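# Structural features, examined
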Amino acid sequence: GMCVSGRDEHAFLGNACCGTRFAFCVVQQLARHHQAVHYNQGDPFRAVMAEVDRIREITPFILVDFHAEATSEKIGMAYFLDGKVSGVFGTHTHVQTSDERILEGGTAAITDAGMTGPHDSIIGVKPKLALQFVLSGRNVRFTPANSNIRIQGCIVDIDEVTAKAVSIERIDMQVDLNQESRES
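Here we summarise the structure given alongside this text.

### Considering the packing of aromatic side chains
What characterises a pair of aromatic rings is the spacing of the ring centres plus the angle enclosed by the ring planes. Counted by the stated rule, this structure contains 3 aromatic pairs. Between Phe-45 and Phe-80, the ring centres sit 5.3 Å apart and the planes meet at 80 degrees, which makes this aromatic pair edge-to-face. Linking Phe-45 in helix 3 (residues 44–55) with Phe-80 in helix 4 (residues 71–81), this pair joins segments that are 35 residues apart in sequence. Aromatic ring contacts, followed pair by pair, group Phe-45, Phe-66 and Phe-80 into a single cluster.

And the structure:
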């Protein structure tokens, strides 16, 4: 797990003088289904539970980034950790799901948080090049796409006393890079 210090939403918005300091930890875990073959992965459920048990001695504010192919495995991890962590966020497929929710034990969950980057692409790559690779089987130099840039993810409000999620909001914002470069 990667433990860092955080502040409330005011600090996120750049107001460093406000907010109560607390420690939170982000645990990243690879799934078993489809990926175990590539990474010689053991049981991700037992591995993440051991890490959560260790981290809970330091802080109750724990977020899990579960990198998985199968949606069933991602939401399964959320139910497995319900009440033990503040949030479980599926990643990997680059397609944001619309199933954000607070589980019965107070854990925020979403099957896939989505992708930040160019959405008029094949997971960030210019479609023509990605298709050339898929259709030919030959290596192709990938060039990042640069249109329809989006920031996707979730904003989760976590109770400072109980470490339970109070709300989860899916975000999907378009970014105008031309506008930002003009303002810089």
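### With respect to the pairing of strand 3 (residues 61–67)
Within strand 3, 6 of the 7 residues are buried, which leaves it mostly tucked inside the rest of the structure. As defined by bridge partners, strand 3 adjoins strand 4 (residues 87–91) across 5 bridges and the pair is classed as parallel. Within strand 4, the position partnered with Val-64 by the bridge is Val-88.

### Observations concerning the pairing of strand 4
Across the 5 residues that make up strand 4, a large majority, 5, are buried. Side chains Gly-87, Phe-89 and Thr-91 project from strand 4 onto one buried face, and the interleaved Val-88 and Gly-90 project onto a second face that is buried too. Considered for its hand, the β-α-β crossover made up of strand 3, helix 4 and strand 4 is right-handed.

Calculation notes
- Residues numbered from 1 in each chain as written.
- Predicted model: local features only at pLDDT ≥ 70, side-chain atom pairs only at ≥ 80, totals over all residues.
- Heavy atoms only, no water.
- Phe/Tyr/Trp six-rings, centres within 6.5 Å; stacked < 30°, edge-to-face > 60°.
- Helix = DSSP H or I, 4+ residues; strand = E, 2+ residues; numbered from the N terminus.
- Buried < 20%, exposed > 50% of the residue type's maximum accessible area, 1.4 Å probe, protein only.
- Pairing = 2+ DSSP bridges.
- Right-handed = clockwise from strand over helix to strand, strands pointing away.

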